[in-house]
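# Overview (structure and organization)
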Amino acid sequence: MRYSVKSNTFGIRPKSRKRPEQQVKEDYEFYEGDQWNLSFFAEKAAYVDDHILREIIEITKTTFQFNNIIRQCVDRHIHGLFQKKFTYFFADEEGESLGEAPTALDKELKQFIKEYENISLSLMAENQSAIEKAITDAKICGVGYIRLFNPQYLNLDLTMHSPDYDEIYVARDTNQFPRWLCYYYTDETDNQTLTELQHLNEVTGLTDFYIVEGEVSPSNRVGSTTFKFLPFAEILTMIEGRVRESWSLDLDGHFSVVEFRLKKLLTDDVKSLQKGFNHELTLMSQYIATFQQTQILNGLPPGEYKLDEDTQELTYEFTPEIELRVNTREYIQGLCKRNEDGLITDYTTPQVVAPLPASISHFVESLTIKEVLLYRAMNQGHIPTENNLQLSGRSRTAMRADHRASLEKDSMIIQPRLSTLFKTILLLKNIGNPTKVSKIKEANLVIQLNIEIGEPSPEEKAEVRNNYQAGLLSLSSAISAIGKDPLEEKPLIEEDQENLIQFDPNPLGSSPVPQQQKPGVKNGQNPNK
């Protein structure tokens with residue numbers, strides 16, 4: 001709020017907006033970097049002029065504490081999407097699985113996945129595959145990419161990697177459809193910046209590729225303030241004389257770069273809560289480390305009484321320097337009591353008041369609240385913390401359902417993009433065979449992610465059993481709700497029922513279907529009589 005004396009009016013000072021590249025850099029610092037530069041302390045240091053306060057903040061930097069809950073939640077989200085391997089199948093026009101998959105295509109796709117898994121073990125960044133990195137980027141800053149290329153130095157005809165956010169620029173028209181894109185990289189032979197320019201040719205239906213020396217245009221970089229869409233004819237004029245090579249491929253109207261756009265987890269409220277959590281964690285550690293003072297009541301520090309030659313009065317002189325050592329004993333002298341004539345009649349008994357242990361309960365309560373809010377802001381409120389251990393099974397089930405819903409929503413976006421990716425792989429591997437290319441374009445490849453949200457708590461399992469016994473859940477749904485695969489568990493249950501019929505064969509509880517009565521036996525009557 002600002003106040004103008006001349007106009008006698010109030011106004012709101014607009015909050016400064018971060019440029020896109022600044023926003024992305026901040027998001028990645030929250031995820032993977034030292035969070036001191038993002039802390040409230042560092043923000044305050046930028047506006048402090050007093051040198052003493054600056055020194056205090058510099059000291060605070062050495063004791064700064066942070067617990068990266070944001071990274072934990074992002075990694076848990078990716079883990080839930082890709083812990084179990086995805087499955088795929090070729091479907092008919094209605095989306096139903098074909099009885100027999102196209103043998104040649106299925107074999108090629110399996111071979112590519114196997115080759116990539118083998119080579120990616122040595123190329124993974126932080127134990128992430130290209131797909132996992134692209135989705136991680138999308139959950140951090142909103143977008144991630146996978147690029148297909150021919151790594152001749154690896155003796156492979158085709159593989160994939162995940163470029164960083166600032167290495168790709170996608171140009172969209174007024175309807176937000178991608179029309180052309182740039183991939184920026186450095187030529188290792190001469191360290192020159194090159195651009196791989198791709199364009200979806202509306203006339204030929206092919207994807208045109210150009211290797212351009214330098215950048216296409218400074219305005220066509222991530223984070224540029226120019227949002228005007230440039231027709232490709234203007235782009236061709238810009239790169240005239242700088243094209244090293246060009247070619248065209250039939251990729252069924254797609255690029256060799258696949259884009260994943262997802263709702264990011266690092267929202268403003270999440271980052272603010274993380275900063276507040278780090279701030280209070282640091283203050284708590286400083287509070288615990290402070291020296292506590294011992295109070296002496298009715299006592300004097302070590303010293304002695306001396307006679308003043310001028311006034312002939314006794315004065316108490318303190319010891320100039322006292323060396324404090326561990327396990328040493330100091331004697332404290334009591335204050336002297338005097339009578340009306342000024343003579344010392346007695347001494348007080350010093351009382352030592354030892355400091356109480358520092359109480360951090362208020363810090364713990366505040367940190368717990370912020371931790372819970374952080375988990376809930378990222379749809380992971382079911383993660384056990386000190387404050388929500390007392391949650392009922394129903395509440396935790398509802399929060400797990402929110403987490404599953406967020407994973408399923410992302411999977412609905414990721415699955416068709418992965419289908420496009422693997423169809424493009426098949427097209428690139430068979431680009432010289434028009435007949436096979438035609439079959440690939442007609443094929444309907446379906447990718448399914450197998451979501452995993454972890455083992456449910458004992459309270460949640462008990463509620464699932466209760467709902468099953470009450471007839472509110474089917475056996476398949478109940479098995480799935482406790483984290484098991486119904487297709488694997490149901491045959492085992494049926495086998496147990498046949499072999500151990502005299503025992504209760506159902507680990508989830510008795511069946512909601514009542515047992516059949518013997519003819520002529522009334523309810524409540526012993527059938528053996």
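See the structure shown above.
Predicted model, so just to flag it, every value in this text is computed and none were measured. (Residues numbered from 1 in each chain as written. Predicted model: local features only at pLDDT ≥ 70, side-chain atom pairs only at ≥ 80, totals over all residues. Heavy atoms only, no water.)

## Some details on helix H12 (residues 458–469)
With 12 residues, H12 extends 16 Å between its outermost C-alpha atoms, agreeing within 8% with the 16 Å of an ideal straight helix rising 1.5 Å per residue. If you check which residues of H12 are buried, you get Glu460, Glu463, Val464 and Tyr468. The buried residues of H12 all sit within an arc of 135 degrees when viewed along its axis, so they share a single face. Looking at the residues trailing H12, positive phi occurs at Gly471, about 80 degrees. (Helix = DSSP H or I, 4+ residues; strand = E, 2+ residues; numbered from the N terminus. Expected span 1.5 Å × (residues − 1). Buried < 20%, exposed > 50% of the residue type's maximum accessible area, 1.4 Å probe, protein only. Arc of directions from axis to C-beta.)

## Some details on the sheet that holds strand E11 (residues 257–261)
Pairing is antiparallel across the open sheet formed by 3 strands, whose spatial order is E5-E4-E11. Each edge of the open sheet carries a strand with a single partner, namely strand E5 (159–161) and E11. Across this sheet, the average inter-strand angle for adjacent strands is 20 degrees, counted without regard to direction. Where strand E4 (residues 143–149) meets E11, 5 bridges bridge the pair, whose relative direction is antiparallel. Bridge pairing in E11 links Tyr145 to Glu259. Helix H6 (residues 130–141) contacts E4, E5 and E11 of the sheet and is inclined by roughly 155 degrees relative to E4. (Pairing = 2+ DSSP bridges. Axes fitted to C-alpha atoms, helices over the stretch in contact; angles between N-to-C directions. Contact = heavy atoms within 4.5 Å.)

## Details of the packing of helix H1 (residues 20–32) against helix H4 (residues 69–82)
Running from N to C, H1 and H4 cross one another at 90 degrees; their axes reach a closest spacing of 7 Å. On the basis of the axis angle, H1 is roughly perpendicular to H4. In this structure, H1 uses Phe30, Tyr31 and Glu32 to contact H4, whose residues at the interface are Ile70, Arg71, Val74 and Asp75. Of the residues assigned to the contact of H1 with H4, the class counts are 4 nonpolar, no polar and 3 charged. (Parallel < 35°, antiparallel > 145°, perpendicular 65-115°, else oblique. Nonpolar A, V, L, I, M, F, W, Y, C, P; charged D, E, K, R; others polar.)

## A word on the environment of Tyr88
Inspection of the secondary structure assignment puts Tyr88 in strand E3 (residues 87–91). Tyr88 sits 331 residues away from Ser419 along the chain, and the two C-alpha atoms are 8.7 Å apart. Apart from the residues within four sequence positions on either side, Tyr88 is in contact with Asp106, Leu109, Lys110, Ile113, Leu445, Val446 and Ile447. Looking at Tyr88, its side chain comes within polar contact range of the side chain of Asp106, at 2.8 Å. (Polar contact = N/O pair within 3.5 Å; in protein donor to acceptor, adjacent residues only side chain to side chain.)

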